[in-house]
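# Secondary and tertiary structure notes
Listed here are the chains, written in short residue letters.
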Amino acid sequence: MSQAKSSSKKRKRNSEPEAQFELSTSELGKVGPLLVSYPALQPPVSTSFNCYSRKKSKSKDGAGDEQDLLVVGETPSVEFVSNDDETRKVADAGCRYLVAVRNTRTGTISILPTPKTPHILSHTVKALKSIPPSAAPSKLQYLEAKTTLGETFGTKKQKASIRAQERNRIDVSAMEGVMGYVMDSIEKGAGGLMTKEEAKETTDKNRLIPPFSTTATDPAEVYPLHDIIPEAEWKALSVSSFDAATTDKERIAMLPFRKSTWVNDHLKAIVEATGKSKKKNIKILLYISAMLAFRQASFSKTLEKEKLYERLGAVPSIVIDSLLSRFAETARGSSTYQSTTATKTSLLAHIFALCLKLDEYATNTTIIAHDLSMPVTEVNQLFKSLGCKITKLGERERARLGQSDSSADEKRAVLTAPVEFPKPRLRKK
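Calculation criteria
Residues numbered from 1 in each chain as written. Predicted model: local features only at pLDDT ≥ 70, side-chain atom pairs only at ≥ 80, totals over all residues. Heavy atoms only, no water. Salt bridge = Lys/Arg side-chain N within 4 Å of Asp/Glu carboxyl O. Buried < 20%, exposed > 50% of the residue type's maximum accessible area, 1.4 Å probe, protein only. Helix = DSSP H or I, 4+ residues; strand = E, 2+ residues; numbered from the N terminus. Contact = heavy atoms within 4.5 Å. Pairing = 2+ DSSP bridges. Axes fitted to C-alpha atoms, helices over the stretch in contact; angles between N-to-C directions. Core = buried A, V, L, I, M, F, W, Y, C linked by side-chain atoms within 4.5 Å. Phe/Tyr/Trp six-rings, centres within 6.5 Å; stacked < 30°, edge-to-face > 60°. Lys NZ or Arg CZ within 6 Å of the ring centre and 35° of its normal. Expected span 1.5 Å × (residues − 1).

## Observations concerning the pattern of salt bridges
If you walk through the whole model with that rule in mind, you get seven salt bridges. Notably, a salt bridge pairs R412 with E410, separated by 3.8 Å at the nearest N-O pair. When its relative accessible area of 33% is taken as the criterion, E410 is described as partly exposed.

Here it is as structure tokens:
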């Protein structure tokens, strides 16, 4: 019996016509079926809906735009009306549906030619329409209600936080009588404060860099040479032995500090060059080497003058005395010198200012950082304190410095005029 039933069902299913798709043709002036969506409340199936046009259609065929239609329906207790804003959001989001009707007799599935956007319906309870809407609570009312809930149902941590906020709350009304006295005391205290120009001047004086000119329009004049190397020391420097040497190895052996790739490479380049600035550049390079040797000696706890004379035998004593007086300090009641963080920073800033002069104010900081065994970021920060910008050189700048295209990706510390120092960073609250 069961087999006969199953076979009859199969024969009935097989007797149904095959499904065929076709594109339906819509009549002019007809809107056709509409799709609606109920986000909150589902009406009964028997609920009827009507469509109303907001404005007259301006299309040639007389068909109205679905976006201008108002879909309305109601039950004995609830009214449904299409929400234009929500419907427009759904349409802008690209939500479209293709509507199709299947004819069970012929098996034809007719697809409407245009996709449909659902109308989002909002509902209103009829019994509540006469009740006016309550106003939104003010900020004070919201805080009071939040505090009450926290005190009643909050955890121990939340209750402690509420009590702390109440203790820190300022009663403005209690200060009305003394506000005048407070303002007078503020004005008196502000009378001794520095102006913006005075604060800038004080900041510039306290910078751990060589003396500088903020009005100079040429990078060569930003840090005057003899403000870094005093004239008496400049005259005491002798470079005649470098001219008499015949090999680079002999010249490097005459340097106070011989472990700097930057110094050694520049010495080779200066010796091979011709021009009036050759002797001047060798003197600057000799002074840089002396400062690097002094920096190496400052790593010890104390600096003894006699030992420095022996260690820097190729450097005039006036230079050693000057380095001790400018980049070392003596403890009270002691004759020995020692370096501090400030003196070490100032020494490096003076060295970098001289390096800029030999590099035509575009120095490769990576090589210097390797010579000093310091991170490149720390060396870059010191160059920035001199007013330099860490950047890659353009094609014109590389051609001016005689650099190849292979160095296009190398960043250099570039000094421009007038000099601009980095502004202090403000901490985020």
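## Some words on the side chain of N264
Mapping N264 onto the fold places it in helix α12 (residues 261–272). Each residue touching N264, except ones within four places of it in the same chain, is listed here: I252, L255 and R258.

## Looking at the sheet that holds strand β4 (residues 69–74)
In space, the five strands of this open sheet follow the order β2-β8-β5-β4-β3, with mixed pairing throughout. Strands at the two margins of the open sheet, each flanked by one partner only, are β2 (36–37) and β3 (49–53).

## Some details on the sheet that holds strand β6 (residues 100–102)
The sheet built from three strands is open, its strands ordered β1-β7-β6 with mixed pairing. Of all the strands in the sheet, just β1 (20–23) and β6 have a single pairing partner and so form its edges. Strand after strand, the sheet turns through a mean of 25° between neighbouring axes, direction not considered. In terms of strand pairing, β1 meets strand β7 (residues 108–111) through four bridges, oriented parallel. Bridge pairing in β7 links F21 to I109.

## Observations regarding the nonpolar core
I288, F294, I351, F352, L354, F383 and L386 are the most contacted members of the largest nonpolar core, which totals 66 residues. Looking at this core, the elements that each hand over two or more residues are α8 (225–228), α12, α13 (278–297), α15 (317–327), α16 (341–358), α17 (365–372), α18 (376–385) and β13 (411–415). The dominant element in this core, judged by the number of residues it contributes, is α13, at twelve residues. In this view, I288 contacts W262, V263, I351, L354, C355 and L358; residues no more than four positions away in its chain are not counted.

## Looking at the packing of aromatic side chains
Within the structure shown, the criterion is met by five aromatic pairs. Look at Y38 and F49: their rings are 6.3 Å apart centre to centre, the planes differ by 40°, and that puts the pair in the tilted class. Within this pair, whereas Y38 is found in the loop between β2 and β3, its partner F49 is found in strand β3, the two being separated by eleven residues in sequence. Among the residues examined, F49 registers a relative accessible area of 27% and is labelled partly exposed. Aromatic ring contacts, followed pair by pair, group Y38, F49 and F80 into a single cluster. Sitting above the plane of the F421 ring, R207 keeps its charged end 4.2 Å from the centroid.

## Digging into the pairing of β13
The buried count for β13 comes to four of five residues, which makes it a mostly enclosed element. As paired elements, strand β11 (residues 362–364) and β13 share three bridges and run antiparallel to each other. Bridged to N364 within β13 is R412. Taken together, the five bridges between strand β12 (residues 388–392) and β13 define a ladder with antiparallel strand orientation. Along β13, the bridge assignment pairs K392 with K411.

## A closer look at α16
Its 18 residues place the ends of α16 26 Å apart at the C-alpha level, agreeing with the 26 Å of an ideal helix rising 1.5 Å per residue. Most of α16 is tucked away: 14 of the 18 residues are buried. Following α16 by one or two positions, E360 has its phi on the positive side, about 55°.

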